[in-house]
Amino acid sequence: MATEQPVLAHHRPVSYWEELPAHEHGTLRDLVQLLLQLHSTPIPDFPIGRLQPFVRVRERINAATSLSKEDRQWLRDLANDLEHSWKHLPPGLDACMIHGDAWVGNVAKTAEGPVLLDLERFAVGPPEWDLVSTAVKMTTTGAVSRQEYEEFCDAYGADVTEWAGYDTLRATRELRMTTYAAQHAATQPDWQPQAQHRVDCLRGRNGPRPWKWKGIL
């Protein structure tokens, strides 16, 4: 938009956004195309926040009152362990600008091409964090087939599951998905079975992956 931004409205900064044209949900091919463009874009010389993979996790656990106290404490302990592991990740791909929550649900396909949505977690960080979301859709939730995942990796040029730090990132993504469901299950009873199911999976009560987690709307 050509308008100078931001503007002040009632002493508050306001920016303008252009409404998307007619669009549909994106695909894995659209997602990998966008990630290739984003990850190859030079980091600008103005400050951009660093990735914070555990933001809101503990707050979500505290709010997850449909879970038992024992389950909530177990999730807190897991968060602590994973946060420690993040400080000792092995070398990987070079840090770059990342989306932070890169999955097909955050891609809109328009006549002019795909567009990334939901930039709340946009940051500088390891590109593996953007890639692990699709890997988890295969290994954890079963929403992506092995063939679809291999095509995704071929298009991007890397397979994050082969990286030594993958288990830490996968477990962190699973923790975020679980605590998101558990927080909202406290006020939306229909979500409680799925939230408990995810906790039970992480705690080894439901056998090995993939666990076929259901989406939550």
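Above: the structure in question.
Residues numbered from 1 in each chain as written. Predicted model: local features only at pLDDT ≥ 70, side-chain atom pairs only at ≥ 80, totals over all residues. Heavy atoms only, no water.

Peer 1: Sorry if this is basic, but what is going on with the pattern of salt bridges here?
Peer 2: Between side chains of opposite charge, a pair can form as their charged atoms come close. If you walk through the whole model with that rule in mind, you get twelve salt bridges. Close ionic contact of aspartate 30 with lysine 109 constitutes a salt bridge, the shortest N to O distance being 3.9 Å. A residue pair is termed long-range when its members are at least 10 positions apart, and aspartate 30 in helix H1 (residues 28–39) and lysine 109 in strand S5 (residues 107–110) qualify at 79 residues. For aspartate 30, a relative accessible area of 6% corresponds to the buried category. Between aspartate 167 and arginine 170 there is a salt bridge, with the nearest N and O atoms lying 3.3 Å from each other. Pair noted here: aspartate 167 and arginine 170 are both in helix H6 (residues 166–185), with a separation of three residues, about one helical turn. According to the relative accessible area criterion, aspartate 167 is partly exposed, its value standing at 46%. The structure contains a network of salt bridges with shared partners spanning Glu70, Asp71, Asp200, Arg203 and Arg205. (Salt bridge = Lys/Arg side-chain N within 4 Å of Asp/Glu carboxyl O. Helix = DSSP H or I, 4+ residues; strand = E, 2+ residues; numbered from the N terminus. Buried < 20%, exposed > 50% of the residue type's maximum accessible area, 1.4 Å probe, protein only.)

Peer 1: Teacher, can you tell me more about the nonpolar core here?
Peer 2: General note: in soluble globular proteins, nonpolar side chains tend to be found buried as a group. Within the largest apolar cluster, 53 residues are counted, with the highest numbers of intra-cluster contacts made by Leu31, Tyr149 and Phe152. Mapped onto this core, the elements with two or more residues apiece are H1, helix H2 (57–63), helix H3 (69–86), strand S4 (96–98), helix H4 (128–139), helix H5 (146–156), H6 and helix H7 (192–202). Those residues within four positions of phenylalanine 152 in sequence are excluded, and the remaining contacts are Leu28, Leu31, Val32, Leu35, Leu131 and Thr134. (Core = buried A, V, L, I, M, F, W, Y, C linked by side-chain atoms within 4.5 Å. Contact = heavy atoms within 4.5 Å.)

Peer 1: Mind showing me how you'd approach a negative patch on the surface here?
Peer 2: On the surface, a cluster of negative charge is contributed by Glu148, Glu150, Glu151 and Asp154. Examined against the element boundaries, glutamate 150 turns out to sit in helix H5. According to the relative accessible area criterion, glutamate 150 is partly exposed, its value standing at 41%. (Patch = residues over 30% accessible without salt bridge, like charges linked within 9 Å, V, L, I, M, F, W, Y side chains within 5 Å. Areas by Shrake-Rupley, 256 points an atom, 1.4 Å probe, with all protein chains shown as cover. Lys, Arg positive; Asp, Glu negative; His and termini not counted. Charge placed at Lys NZ, Arg CZ, Asp CG, Glu CD.)

Peer 1: Mind showing me how you'd approach the side chain of threonine 179 here?
Peer 2: Along the chain, the position of threonine 179 falls in helix H6. Taking relative accessible area as the criterion, threonine 179 reaches 0% and is therefore assigned buried.

Peer 1: So what exactly am I meant to see when it comes to the packing of aromatic side chains here?
Peer 2: What characterises a pair of aromatic rings is the spacing of the ring centres plus the angle enclosed by the ring planes. Summed over all chains, the structure comprises five aromatic pairs. Consider the rings of tryptophan 86 and tryptophan 129, whose centres lie 5.6 Å apart with planes at 75 degrees: the pair is edge-to-face. In this pair, tryptophan 86 sits in helix H3 while tryptophan 129 sits in helix H4, placing the two residues 43 residues apart along the sequence. Grouping residues by exposure puts tryptophan 86 and tryptophan 129 together as buried. With centroids separated by 6.3 Å and ring planes inclined at 20 degrees, the aromatic side chains of tyrosine 149 and phenylalanine 152 adopt a geometry described as stacked. One end of the pair is tyrosine 149 and the other is phenylalanine 152, both in helix H5 and three residues apart, which spans about a single turn. The two residues tyrosine 149 and phenylalanine 152 agree in class, both being buried. Within the aromatic cluster, the residues linked to one another by ring pairs are Phe54, Trp86 and Trp129. (Phe/Tyr/Trp six-rings, centres within 6.5 Å; stacked < 30°, edge-to-face > 60°.)

Peer 1: Can you walk me through the environment of alanine 155 in this structure?
Peer 2: By the element assignment, alanine 155 lies in helix H5. Here alanine 155 falls in the partly exposed class, since its relative accessible area comes to 41%. Leaving out residues up to four positions away in the same chain, alanine 155 has contacts with Val32 and Leu36.

Peer 1: When you look at the sheet that holds S5 in this model, what are you seeing that I'm missing?
Peer 2: Backbone hydrogen bonds hold the strands of a sheet together, and the pairing may be parallel or antiparallel. Taking strand neighbours across the sheet as the criterion, the three strands line up as S3-S5-S6 in an open arrangement whose pairing is antiparallel. Both outer strands of the open sheet, strand S3 (23–25) and strand S6 (113–116), are each paired with one neighbouring strand and no more. Pairs of neighbouring strands in the sheet enclose a mean axial angle of 35 degrees, with direction left out of account. As defined by bridge partners, S5 adjoins S6 across four bridges and the pair is classed as antiparallel. From the neighbouring strand, valine 107 faces S6, where its bridge partner is leucine 116. (Pairing = 2+ DSSP bridges. Axes fitted to C-alpha atoms, helices over the stretch in contact; angles between N-to-C directions.)

This is a description of form; function is not addressed.
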